[in-house]
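A structural walkthrough
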2 protein chains.
Amino acid sequence: MLPDVVREAADAVGPFREEAMQYGPLMGLDDLRVEICRFVAEDGIVARPENVLVTYGAKSAFDLACRVFVEPGDRIILTRPSYMTAIHIMRMHGVQFIDIGQDENGLSTDELEVKLRRLEANAEPMPKLLFDVPDFHNPTGVTTSLPRRREVLELAQRYNFLICEDDPYRRIRFSGKAVAPIKALDSSGHVISLGTVSKTLAPGLRVGWAIGDAGVVRRMAMQKADGGSNTFAQRIVVQLMRSGRISHHIAELTERMRCHRDTMIAALAEFLPEASVRTPNGGYFLWVRLPKGANADQVVELGIRNGVEASSGRLSFPSEDPGNFLRLAYSFAEEDQIRDGVRRLAAAFKSLRPVESSTGISSKGKR
Amino acid sequence: MLPDVVREAADAVGPFREEAMQYGPLMGLDDLRVEICRFVAEDGIVARPENVLVTYGAKSAFDLACRVFVEPGDRIILTRPSYMTAIHIMRMHGVQFIDIGQDENGLSTDELEVKLRRLEANAEPMPKLLFDVPDFHNPTGVTTSLPRRREVLELAQRYNFLICEDDPYRRIRFSGKAVAPIKALDSSGHVISLGTVSKTLAPGLRVGWAIGDAGVVRRMAMQKADGGSNTFAQRIVVQLMRSGRISHHIAELTERMRCHRDTMIAALAEFLPEASVRTPNGGYFLWVRLPKGANADQVVELGIRNGVEASSGRLSFPSEDPGNFLRLAYSFAEEDQIRDGVRRLAAAFKSLRPVESSTGISSKGKR
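In short, a report on the structure.

Cut-offs and rules
- Residues numbered from 1 in each chain as written.
- Chains lettered and ligands numbered in written order.
- Predicted model: local features only at pLDDT ≥ 70, side-chain atom pairs only at ≥ 80, totals over all residues.
- Heavy atoms only, no water.
- Helix = DSSP H or I, 4+ residues; strand = E, 2+ residues; numbered from the N terminus.
- Rg over C-alpha atoms; globule rule 2.2 N^0.38 Å.
- Contact = heavy atoms within 4.5 Å.
- Areas by Shrake-Rupley, 256 points an atom, 1.4 Å probe, with all protein chains shown as cover.
- Least-squares fit on C-alpha atoms with pLDDT ≥ 70 in both.
- Pairing = 2+ DSSP bridges.
- Axes fitted to C-alpha atoms, helices over the stretch in contact; angles between N-to-C directions.
- Buried area = accessible area lost by both parts, 1.4 Å probe.
- Salt bridge = Lys/Arg side-chain N within 4 Å of Asp/Glu carboxyl O.
- Polar contact = N/O pair within 3.5 Å; in protein donor to acceptor, adjacent residues only side chain to side chain.
- Nonpolar A, V, L, I, M, F, W, Y, C, P; charged D, E, K, R; others polar.
- Buried < 20%, exposed > 50% of the residue type's maximum accessible area, 1.4 Å probe, protein only.

A closer look at the overall build of chain A
Secondary structure summary: chain A contains 13 helices and 13 strands in total. By the compact-globule yardstick of 21 Å for 367 residues, chain A fits well, its C-alpha radius of gyration being 22 Å. Nonlocal contacts in chain A, meaning residues at least 24 apart in sequence, comprise 74% of its contacts between residues at least 6 apart. Here chain A has roughly 14,900 Å² of accessible surface; of this, 50% comes from carbon and sulfur atoms.

A look at the relation of the copies chain A and chain B
The transformation that overlays chain A on chain B combines an axial shift of 0.0 Å with a rotation of 180°, and the residual RMSD is 0.0 Å. Accordingly, the operation relating the two chain copies is best matched by a two-fold axis. Looking at the rotation axis and the C-alpha trace of chain A, the residue lying nearest is alanine 9 of chain A, at 3.2 Å. Looking at the interface residues of chain A, 100% of them are also at the interface in chain B, so both copies use one shared face.

Section: the sheet that holds strand S11 (residues 285-289) of chain A
All names here are of chain A. Taken together, 4 strands build an open sheet; the order of strands is S10-S11-S13-S12 and the sheet is antiparallel. Since the sheet does not close on itself, it has two edges, and those belong to strand S10 (276-277) and strand S12 (311-312), each with one partner. Bridging between S11 and strand S13 (residues 325-329) involves 5 bridges; their strand directions are antiparallel. Note that in S13 the partner of leucine 286 across the bridge is leucine 328. Helix H11 (residues 245-271) rests against S10, S11 and S13 of the sheet, and its axis sits at about 15° to S11.

Focus on the environment of glutamate 18 of chain A
By secondary structure assignment, the location of glutamate 18 of chain A is in helix H2 (residues 17-21). Taking C-alpha positions, glutamate 18 of chain A is 9.8 Å from phenylalanine 232 of chain A, a pair spaced 214 residues apart along the chain.

Describing the interface of chain A and chain B
The interface is formed by 40 residues belonging to chain A together with 40 residues belonging to chain B. Interface area for chain A against chain B, summed over the two sides, is near 3,400 Å², with a carbon-plus-sulfur share of 61%. Interface area lost by chain A to chain B is led by Leu2, Met21 and Tyr23 of chain A, which between them contribute 20%. Applying the counting rule to chain A against chain B returns 4 salt bridges. Across the salt bridge formed by aspartate 226 of chain B and arginine 206 of chain A, the nearest N and O atoms sit 2.7 Å from each other. For the pair chain A and chain B, the interface holds 14 residue pairs in polar contact (both at pLDDT 80 or more). Breaking the side of chain A that touches chain B down by element, the ones donating at least two residues are helix H1 (6-13), H2, helix H4 (57-69), helix H5 (84-92) and helix H10 (231-242) of chain A. Residue composition of the side of chain A that touches chain B, grouped by class: 20 nonpolar, 10 polar and 10 charged.

Concerning the pattern of salt bridges
Tallied over the full model, the rule gives 74 salt bridges over all chains. With a shortest N-O distance of 2.9 Å, arginine 242 of chain B and aspartate 31 of chain B are connected by a salt bridge. With arginine 242 of chain B in helix H10 (residues 231-242) and aspartate 31 of chain B in helix H3 (residues 30-41), this pair connects stretches of sequence that are 211 residues apart. A residue is classified by how much of its surface remains accessible, and arginine 242 of chain B, at 45% relative accessible area, is partly exposed. A relative accessible area of 27% means that aspartate 31 of chain B is categorised as partly exposed. Across the pair aspartate 103 of chain B and arginine 148 of chain B runs a salt bridge, and its minimum N-O distance is 3.0 Å. Of this pair, aspartate 103 of chain B sits in strand S4 (residues 102-103) while arginine 148 of chain B is found in helix H7 (residues 146-159), placing the two residues 45 residues apart along the sequence. With relative accessibility at 27%, the residue aspartate 103 of chain B sits in the partly exposed group. One salt-bridge network, in which partners are shared between bridges, spans Glu42, Asp43, Asp135, Arg149, Glu165, Asp167, Arg170 and Arg171 of chain A.

In structure tokens:
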């Protein structure tokens, strides 16, 4: 559900043309940084414009953070599974992963603490950075509980690593109460909050941000290859935020995404009852576990041949992959397409299963 | 002189909304890659869409090339002086500079050859890459001659380094005949051509490209942090290229820039006759040499306090700076502003000179 930005684009090519077509300030348009402060204040994040760096989306912001804070060989903490593109970015920076399990309350701080203690005891290099998506985690949909957020922050303070809190889905909440961002709990400067309009407005605009200590975001800005970035799209986002149209759009989008989620959950129950899935309270994805032994890669491959796209869970695992997970996005397809897609995927799954078991039988009976 | 893109923006938010607001293909919009091939064909560059990677401008393209081809400590060849932002990008990648002088025909291939031979003879690591702006060089305005282009290419082939040919100003030509891009002379895959619409349309759009071997540009694409980049602005550029409006805009812009250049040259002759400057046949800059011993940094600093912006030549030198150069952009100011700016800069220069000489006299007469 993409926004109608006719009015805002007309502003950007009309009254704001001089600004929108020209090189912009390194940190982003001042007007946008003010609006971003207002936007995140609704989540309890206290930020001033000097704390905000405008980027080409949260991914670019994370890449800039890696450029500043990690060297090849450095350790980064992340959940297992984690956001596939973040894994790709970290790999580009040549880091080593400390991957930590996750339960229904988020990243396992117990497991993390054990690993940190062991590293410390062995006098090994300590991690520089932790990456997580605490709200409607990509891919699992889990929202980290408040106590768990406090524990993660405490560990960051004790072991002195930086938390990159990537929060693209926060506003797409269907039910339940929002939990404070880790950034809102942080008074020691251990958190960089990464935001974007890709999931609330449109990915094609490429507007996101990093919020952190003024000195930190300024160092990140110095790592930009092209200075002030895309003033044209930034102006469109300013206008959408100023007029409050972004909030209306998010409200409509959330309602729509809730229906999509329900349709996909129902379709899975109908066509693929062998799969298990936890219903997320928000976000864009379902994280689907196929029965043990199922080959998600093959299901996806056959699905694509039958006209349905899904992601193999393999892409979301920084190291070992259990092999039987799928990430299904309900965001951009319409409801009948979602039903039809799940049906095709289920057919792919089923056509692969019987072959295996019949092979099993025939090989048993062989000679 | 910024383009009017009302119609194109209306297309991007209207009939092309689904595409323009969504994630795009990693390599850029197919339509845009086709148009870029047509655009560079006018310069004699033969490229197919698979040779084209769309980026956030030429700077981003160069950064991606550095990500693929250089490691910290690697050597890069560049002119002395060179484009300041390219120097910044190379520094971010931790490279060592092999800086080579430039005359009115471009980079000194004699000096380069001597240095390459010496490195080879000493069994030292050879350079991976050469960066140059052969048309209306930034900052000197020099256009590399055809024989010199052939020589650079020959050296690249012999010593196996890659040429990054950054060509943002090529179409802003006031007089004289265009020289073939090095890319058009290359049949061995030793050249990546970097292009942008920042100087022909608008920097705020952030649309540029790299043209090279299909495998090379694909490797560069894998280093993007955010996938398909800004589809919205890409669509606007497609529409401007398809309709031919870009050519009309370039023709008008070139005429305007010629007047700006003439105004600035005349103002320098009138207000700052002590300076020497070579009149460029195109592009956006004058490269001004102040008399020996003048301090360009101080002139710029005082100029800024007096309401005129200029760049100290220091920023354009990869290592030692002669100290007495200025880069003056005539691109974005109006003609009366250009005259007024040069007058203020000349006043800054003069107010600094007498102080120096009178200090000299008074210290002579001291005690």
